[in-house]
Each structure stands twice: as C-alpha cells, then as structure tokens.
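Geometric and topological summary
Single-letter residue listing:
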Amino acid sequence: MGQKNGTKTIYFPTILHGVKMKLTPEMIQKLEEEFANAKTYNDLMGKDGVIKKLIKESLETMLKEELTEHLGYEKHSSLGNNSGNSRNGSSPKSIRTDNGEIDLRVPRDRNGDFDPMILKKYEKTLGPIEDKIISMYAKGMTTRDIQSHVQELYGIEISATLVSNITDKIIDKAKEWHNRPLEPIYTIVYFDAIHYKVKQDGKVITKAAYTCLSIDVEGRRDLLGIWIGENEGAHYWLGVLTEIKNRGVQDILITCVDGLNGFKDALETVFPDTLIQQCVIHQIRYTLKFIARKDKPDFLNNLRPVYQAPTLQAAELNLDILDEKWGKKYPAVIKSWRTNWNYLSHYFQFPEQIRKIIYTNNAVEALHRQFRKVSKNRAVFPNDDALFKLLFLAYSDISKNWIAPKAAWASFLAHFSLFFNDRIVPFL
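The following refers to the structure shown. (Residues numbered from 1 in each chain as written. Predicted model: local features only at pLDDT ≥ 70, side-chain atom pairs only at ≥ 80, totals over all residues. Heavy atoms only, no water.)

What to know about the overall build of the chain
Of the regular secondary structure elements, the chain holds 18 helices and 10 strands. Across the 428 residues that make up the chain, the buried fraction comes to 47%. Sequence separation of at least 24 residues holds for 62% of the intrachain contacts in the chain that already meet a minimum separation of 6. When the accessible surface of the chain is totalled, it reaches about 22800 Å², and 50% of it is carbon and sulfur. (Helix = DSSP H or I, 4+ residues; strand = E, 2+ residues; numbered from the N terminus. Buried < 20%, exposed > 50% of the residue type's maximum accessible area, 1.4 Å probe, protein only. Contact = heavy atoms within 4.5 Å. Areas by Shrake-Rupley, 256 points an atom, 1.4 Å probe, with all protein chains shown as cover.)

Shown next as structure tokens:
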C-alpha cells in the first residue's frame, strides 16, 4: 500500500485482475469503518458488501481521473473555459466482475469521445471472468454448465449468447494460430482425423477434424493445424500438405499415418523425400476384424513375431510363416499385410527407441482422446467454427502440460542426421 498526494493505492489482484485502486482519505476512513462493522461473509462479499463498495468507489474514482486526463483540466478549473470539450454528467452502467454485478456511474464528456482505458465504452465484464469462461469452455463445459457455474460462484446471470460471444473472441486468435509460419523442417509428423456431428445447411452431417502433430528438431511437440472437412482423399490432403509447405515447411523426415485415403499420393507429390510409416497398431486392429474369435489367440501368437522382429529380414521370414499357416483360411488378411508391407516395415530401419515413437500413431491418438473428453457433452456442433474453436481451446489447454524432450533426443537426432544423409544438418 502506497500514498501520494493524499491518495492511497491498494492492490487487489484477485478482485480486478491486477487493477490498482486509488482511494481518497475520506473513502479509506469510510471503508475502514465498514470493514470494522462487517460481521458476516455477506457483509463483505454480498450484494451491498464492503468489497463491492470498494470496487465501485475505486472504479468511479479512476473513471473520473481518466476523464480529467482526457479533458486536460481539473473539475471546475478555469482552464476548461472555451476548451472545446467539457464534463457532461454521467450515465449508469452495470458490469460483471468476479464479485458479481456492480452498478457504476460512468462520467461523460460533451463531445462523446471519452473512452476510458479501465472500462471500455462497450465493455460489460471486468477482471478475469472472461478468461474463466473461456477456460471452462476449453475443459468441455457446455453453455448451460457455464451459466450455472458463474451464477453459483459469482451471482451473475449470463446468457448463452454472452458465453458464445465471449468464446467467439478466440476465433480470430485461433485462425491466426492456424496460419502462423512453421519451422522449415520437422523430424516426425503424425497425421490423423477425429469425427464429429456438425450442422450444415439445416442437416446434421459427419465431419472430420484433421490434425497434424509434429516433433521438431529440438524434440518439442506442436500441433501444426486443425482442418475441418467432409471428404478425405488425395485432393483434400494435397491442399493440406500444400498449405503446410506454403507456411514454411521445407522438409519432413518421417510421417506416421493410419492408412489415410489418398494421403500417400498427396505426400509424395508435395514432400517426395518423406518416409511414410503406416501405423502397425491400426493394421493389427484391422486384421483382427476378419479373424474368427476361436482363431484369434493362435493368429496373434503367429503375428507377433512379424511386427516385433529384431530385423526387417526376420520380420519378412515370419510373415512367410504366417502366410503358410493362415494364408488359405484368411487370404484377404495376408494380402493386406503384403500390399501395405512397404509402408508398414520402415520402422525396422531404426533402433528400438525410435521404433517405439514411429510404428504407431499413439501420440496423436492420445491428443484425440483428450479432445473427446472435452467434446463428449456436445452431440452436435452448430457449425464448423464452433468445432474448430473448441478443439483449438482444448489444444491450448492440453499443450501446457506437454513435457520437455526426452534426454535421449540428442541420440535420436544424430541417428536421423546419418540416416537421412544430413538433410537435417542445415537446420540445426
């Protein structure tokens, strides 16, 4: 607490998000008396409590000071004569704060161009309430949940439209993030999609949110973008990959995918030198759909030596053994492995630690599981922007907890540098 020219400055960070409140000696004396007489929580924090009075009187004092600075002269000063602008009374305004609604008298100037910094002309909330509403939305709370929560905690009634308007403010930020410049090279990029119901032209249709999770040369994870689309195919993926390239990506060493339709052709067009590793776990899941229940234990015992083999040669030998035993009974299954083998087997060229992070899409699937947690209360999204907004906010929240690169990353980088003929060296 400081004092200057008979005015004390009191700091209440939990009340007004870092706003410093200036109180006159008379105000301080009055508030001290009210604090002394307060006997209950309601006396302090209630509708007519001391805290609300403190906020109200402090804000009104600051608004008056701002108007004085705007006009360039004190109230009743002769400097205001023929100045071209003057005070013009005040108007009522109700604002929402963490401590509920507060009714203020906002001073006006005759020219109508006074727009105070502490409380903008059309601003209706003050303090971290908007941040908290956005945070609740990012964690998956519905509009109704947020309305109820804010009413219960702060005694403020807010509409669904207000919640939507507050969270919509994030759209511009999200689009700016989605179009930001990218790194020139990424060591590993995981591509996958997660599906949602979205309204379009009066109908509810299934749309995919395509995600692109990356690991840069320093081992840090980042989401390169979120694309909302209907149809998956070479043309669609060509657009996504071209966009990534236009945003600055010159090279991708390895991509990990779930056999996405058209992806391989599109990638080989835009990034022809990139190694494509198809997710082995998805291939196994797909395989088991066609195996009779009674055969699954034995089939898996014969399949395991294929994808867990120490070398590519051993894996191919074990695939031949699998074919000999099960090929006649399940020819389509064996054909699927042989058809995709070139993309399924790239991970055998790397040491065990690198294999673990590229033979499966688990990294991006873990992100999608968290997306599902925050979206589980929303059966249908009203439009693409609503879905994009939620996923961006969820990503922003989730990414705060992403851990630093593993200690082994330096050895990974050295191996990548040798394996990819020093393609990574110019960017280190």
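Following the structure, the description resumes.
Describing empty space enclosed by the protein
If you walk through the whole model with that rule in mind, you get one cavity of 30 Å³ or more. Volume-wise, the largest cavity comes out at about 30 Å³. The element contributing the most residues to the lining of the largest cavity is helix α14 (residues 331-344), with three residues. Here the lining of the largest cavity is composed, by residue class, of seven nonpolar, no polar and no charged. (1 Å grid on protein atoms, 1.4 Å probe; cavity = no way out; pocket = protein on both sides within 12 Å on 5 of 7 lines; lining within 4 Å. Points joined across faces, edges and corners; volume = space filled by probe spheres on them. Nonpolar A, V, L, I, M, F, W, Y, C, P; charged D, E, K, R; others polar.)

Points about the environment of Arg423
Tracing the sequence through the fold places Arg423 in the segment after α18 (409-419). C-alpha of Arg423 to C-alpha of Ile252: the two residues are 171 residues apart in sequence and 9.6 Å apart in space. With near-sequence residues (within four places) excluded, Arg423 lies in contact with Ile185, Asp251, Ile252, Leu253, Asp273 and Thr274. Within the structure, Arg423 has its side chain in polar contact with the side chain of Asp251 (distance 2.8 Å). Here the side chain of Arg423 touches Asp273 through a polar contact of 3.2 Å, landing on its backbone oxygen. (Polar contact = N/O pair within 3.5 Å; in protein donor to acceptor, adjacent residues only side chain to side chain.)

Remarks on the nonpolar core
Ile188, Tyr196, Ile254, Trp337, Ile358, Phe371 and Phe416 are the most contacted members of the largest nonpolar core, which has 77 residues in total. Among the elements that make up this core, the one with the highest residue count is helix α17 (residues 384-398) (10 residues). In contact with Tyr196, not counting residues within four places along its chain, are Ile205, Thr206, Lys207, Ala209, Phe371, Arg372, Ser375, Phe381, Leu387 and Leu391. If you look at the next biggest cluster of nonpolar residues, it comprises 24 residues, including Tyr210, Val257, Leu267 and Tyr343. (Core = buried A, V, L, I, M, F, W, Y, C linked by side-chain atoms within 4.5 Å.)

All quantities given are derived from atomic positions and should not be read as evidence of function.
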